[in-house]
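One-letter residues, chain by chain:
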Amino acid sequence: IFAISSFVWYLMQFMKPVGTANFAVGFEIDLQGYATKEFISSFTGSVLAILCMSFPYPITALSRATDSAKTVVPALNTAWTGLTNFACTAKKEDMNDFELCKIKRSLNQISSTVRTISGNVDTAWWECLGLGKMQRQRVMLRKMEALLSELYDRLLAVFCICVRDQSPSEMMGKVKPNIDAVIAEGSAALNLGLTALAAGVVSEEMALALSQGAARSRQATLDLTDKFRSVKSQSRKA
């Protein structure tokens, strides 16, 4: 950046047939010249900036994206659990503004954090040039960011419905154990994904664990659907 901003002036001085004071011309190198001093200053400042970013540990876009993903996963679990307790409560007084504020806080945290992942993943390409472990982590983070964004959208939609109704439901209370099971299995699967992300590679054991976790999540979702339909059918008959 510094060289580009000064290039045209240095080029003009280079082409002058007669040199000026403190400015070498042609292919001479003058350690006391303006250009050489500016180059040394720029080079030294750039090296110091890199050292400050690397010690005591490197500050990279990839690490920031990874930290964001690690923050969002427990926040999602907390938000889903709080929303479940809010929607499935049996008492009207338990559906108060304090509980709503806690859920809103989790939603705001998830929204602001998820948005940063994509940009940091794009920037991280320059840290690995599309090679090695960091590139594999970038690919994993890209897919995880899409999943986390989708989960946030679903969470927000359910939250809006619960806030609109805001009334105790006996039917929701009956399916609460199944909802808790879906949240637990989904959270466990996401944590397995974070473990694979940290390793930068999916081993056969990890692939099997992820496959089994996804299967358990799908089964818990099917059980919830069946339970909801059963309870709904019984409420209509009653």
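Coordinates for the structure precede this section.
Our subject in this report is the structure included herewith. Keep in mind the model is a prediction, meaning the values are calculated, not measured. Residue numbers here run from 1 along each chain, matching the order of that chain's written sequence. Totals for whole chains, interfaces and linings use every residue, but because this is a predicted model, local features are given only for residues with pLDDT of at least 70 and side-chain atom pairs only at 80 or more, for both listing and counting. Heavy atoms from the whole structure form the basis of all side-chain values; hydrogens and water molecules are not counted.

### Overview of the nonpolar core
Considering soluble globular proteins, one finds that nonpolar side chains tend to be buried as a cluster. Counting residues in hydrophobic clusters, the biggest one holds 31 residues, and the most contacted among them are Ala69, Ile110, Leu141, Leu148 and Leu155. Helix and strand definitions here come from DSSP, where helices need a minimum of 4 consecutive H or I residues and strands a minimum of 2 consecutive E residues; each element is numbered from the N-terminal end. It is helix H3 (residues 61-87) that contributes the most residues to this core, twelve residues altogether. Ignoring sequence-local partners within four residues, the contact set of Leu155 consists of Leu76, Ala79, Trp80, Leu83, Leu107 and Ile110. The definition of a nonpolar core used throughout is a set of buried Ala, Val, Leu, Ile, Met, Phe, Trp, Tyr and Cys residues joined through side-chain atoms within 4.5 Å. A 1.4 Å probe rolled over the protein chains alone gives each residue an accessible area, and that area as a share of the maximum for its type sets the label: buried under 20%, exposed over 50%, partly exposed in between. In this structure, Val175, Ile179, Ile183 and Val231 belong to the second largest nonpolar core, which totals five residues. Every residue pair with non-hydrogen atoms within 4.5 Å of one another is taken to be in contact.

### Overview of unusual backbone geometry
Backbone geometry at Leu129 places phi at a positive 55 degrees, although glycine is not the residue there. Position of Leu129 among the secondary structure elements: in the loop between helix H5 (125-128) and helix H6 (132-165).

### Let's talk about helix H7 (residues 170-199)
The end-to-end C-alpha separation of H7 is 45 Å, in line with the 44 Å expected for 30 residues at 1.5 Å each. When H7 is considered as a whole, its buried residues turn out to be Val175, Asn178, Ile179, Ile183, Ser187, Leu190, Gly193, Leu194, Ala196 and Leu197. Where H7 terminates, the next one or two residues include Gly200, which has phi positive at roughly 80 degrees. The length a helix should cover is 1.5 Å for every residue beyond the first.

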